[in-house]
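Chains, contacts and geometry: an overview
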Amino acid sequence: MSLLSRVGAELARRAVAAAPVVEGRVLRYDGLILGATGFPASPGTLCEIATDSGGTVQGEVIGFARGHVLMFLNQPGAGIIAGARVRVIDGGAVAEVGDALLGRVVDAEGHPLDGLPPPRCDAVWPLAGRLMNPLARTAVDRPLDVGVRIINAALTVGRGQRVGIIAGSGVGKSVLMEMMARYAEADVIVVGLIGERAREVGAFVRAVMQGEGAQRICMVAVPADRSPLLRLRAARRATAVAEHFRAQGKQVLLIMDSLTRVAHAQREIGLALGEQPTAKGYPPSVVSLIPGLIERTGPGLAGEGAITAIYTVLADGDDTTNDPVVDTARAILDGHFVLSRRQTQMGVYPAVDLPQSASRVMGDITDSAHRAAAQKLRRMVSLYLDNRDLMLMGGYVPGQDPDLDEAMRLWPRIEAFFRQGPHEPAQFEGSRADLLALTGVAE
């Protein structure tokens, strides 16, 4: 009886330990979309597909059609033959999170890119996030020092605010992000580099991951040549990491470059699935993706921290009015900073176009003197830039407009106020004091 009991216990243990294997076979493959025999797997499930070379590639379930499971491969164009085995693997729905990610650079699947051993995380968080009652969230009522003078002074960011940096190519978005990653007053900084050039990813990592400040930064990087599903997964992973630290009560700064590349990835997937393109070729799924990603950030519940999110948005041809991604992002975000190519050509960095930029929460987190000074600076900048060509041609006679005269007189000081080197941090209180001194607004 004793022997039979031991044999029975061992068989029971093995039955529990042996998890069921869920698999299917390849029926259709066009180099991008793979169809397999039906097996139980929800969208987002990761699968492993055998190749003709004896290795495997990964794919992600994106939907179903006519009893087949549709997958998008992480390695498009892989050598796969009809009848190849498809096996479900773990890891599709959650991201490993924890303090071990701080000071590290990982890819969309959490694998290290910095040459160090894999981070040993102690918790997991859903890649799709957790729904929160909007009425239970705390308010955005405190300013966040981002280390950039013009933003601290005239476009004050609040803790838990979501902001977009809208600009064309080559006007200083990366340098502005680097400054905020170095100098922002946050407990944890999560940087998502989504769909950018590999050279730019390496340059950003070398510029930011230095010294003691690197120990509060986690970076998730996926270059432009990777699968669109990996780019989407990286954006969700970066957001999940930020949500985890927010739940721990920490102030988190999430910087994502760029929201447009995330939209491009969703466009590739949507069009491959047969969605009808709308404005500028974007299918409807892109319009629903952007709010779903942005709304996961912001303030947490009582006792939690907040995620201050900064997204870069590319404006093709410097067009900030007719791009559907720009319009969608601007409608859901709590503010936007437009970078001006004209100011770049004038040598003014950071090239923030103050009249076209806005912070929707500044009125709730600053005092009346600060707001009055910011409004006066905005008016002087707008007056000067609108009339600059007229003044250069000699078409304006001083004395006709007192406000324009003041803007002309103060313009050298205004330019100096805007200018800030990438290695020159500007604290919030100092930026506010400089603004009041420049505009002459009394406390």
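The preceding data block contains the structure.
Now for a description of the structure that goes with this document. (Residues numbered from 1 in each chain as written. Predicted model: local features only at pLDDT ≥ 70, side-chain atom pairs only at ≥ 80, totals over all residues. Heavy atoms only, no water.)

Structural notes on the overall build of the protein
Within the protein, the secondary structure is distributed over 13 helices and 19 strands. Each principal axis of the C-alpha atoms in the protein carries an extent, and together these give about 105 × 50 × 40 Å. Across the 443 residues in the protein, those meeting the buried criterion constitute 52%. For the protein, long-range pairs separated by at least 24 residues make up 71% of all intrachain contacts whose partners lie at least 6 apart in sequence. Taken as a whole, the protein presents about 19700 Å² of accessible surface, with 54% of it coming from carbon and sulfur. (Helix = DSSP H or I, 4+ residues; strand = E, 2+ residues; numbered from the N terminus. Buried < 20%, exposed > 50% of the residue type's maximum accessible area, 1.4 Å probe, protein only. Contact = heavy atoms within 4.5 Å. Areas by Shrake-Rupley, 256 points an atom, 1.4 Å probe, with all protein chains shown as cover.)

Describing the pairing of strand E15 (residues 251-257)
Counting buried positions along E15 yields seven of seven residues, so the element is predominantly enclosed. The sheet contact formed by strand E13 (residues 188-196) and E15 spans six bridges and is parallel. Each bridged residue has a counterpart across the sheet, and for Val190 the counterpart in E15 is Leu254. Bridge count for E15 against strand E17 (residues 306-314) is six bridges, and the pairing is parallel. Pairing of Leu253 across the sheet is with Thr308, part of E17. (Pairing = 2+ DSSP bridges.)

Focus: helix H6 (residues 259-272)
In a regular helix each residue adds 1.5 Å, so 14 residues correspond to 20 Å; H6 covers 20 Å between its end C-alpha atoms and thus fits that length. Of the residues one or two after H6, Gly274 is the one with positive phi, at around 95 degrees. (Expected span 1.5 Å × (residues − 1).)

Concerning the layout of surface pockets
In this structure, the largest pocket spans a volume of roughly 680 Å³. The wall of the largest pocket is formed by 32 residues, among which Leu127, Ala128, Arg236, Leu289 and Arg296 lie closest to the centre. Among the secondary structure elements, those contributing two or more residues to the lining of the largest pocket are strand E4 (56-65), helix H5 (228-247), H6 and helix H7 (284-294). Counting residues per element, the lining of the largest pocket draws most heavily on H5, which supplies six residues. For the lining of the largest pocket, the class distribution of residues is 16 nonpolar, six polar and 10 charged. (1 Å grid on protein atoms, 1.4 Å probe; cavity = no way out; pocket = protein on both sides within 12 Å on 5 of 7 lines; lining within 4 Å. Points joined across faces, edges and corners; volume = space filled by probe spheres on them. Nonpolar A, V, L, I, M, F, W, Y, C, P; charged D, E, K, R; others polar.)

Regarding the packing of aromatic side chains
Taken as a whole and assessed by the stated rule, the structure comprises one aromatic pair. Over the ring of Trp125 we find Arg130, and its NZ or CZ is 3.9 Å from the ring centre. Sitting over the face of the ring of Phe417, Arg149 holds its NZ or CZ atom 6.0 Å from the ring centroid. (Phe/Tyr/Trp six-rings, centres within 6.5 Å; stacked < 30°, edge-to-face > 60°. Lys NZ or Arg CZ within 6 Å of the ring centre and 35° of its normal.)

Quick word on the side chain of Glu415
Checked against the element boundaries, Glu415 lands in helix H12 (residues 402-418). For Glu415, a relative accessible area of 17% puts it in the buried group. Residues within four places of Glu415 in sequence aside, it is in contact with Met346 and Val348.

Section: the nonpolar core
Counting 61 residues, the largest nonpolar core has Ile150, Leu377 and Ile414 as its most contacted members. Looking at this core, the element that brings in the most residues is helix H11 (residues 368-392), giving nine residues. Once residues lying within four places of it in the same chain are set aside, the contact partners of Ile414 are Leu377, Met380, Val381, Ala407 and Leu438. (Core = buried A, V, L, I, M, F, W, Y, C linked by side-chain atoms within 4.5 Å.)

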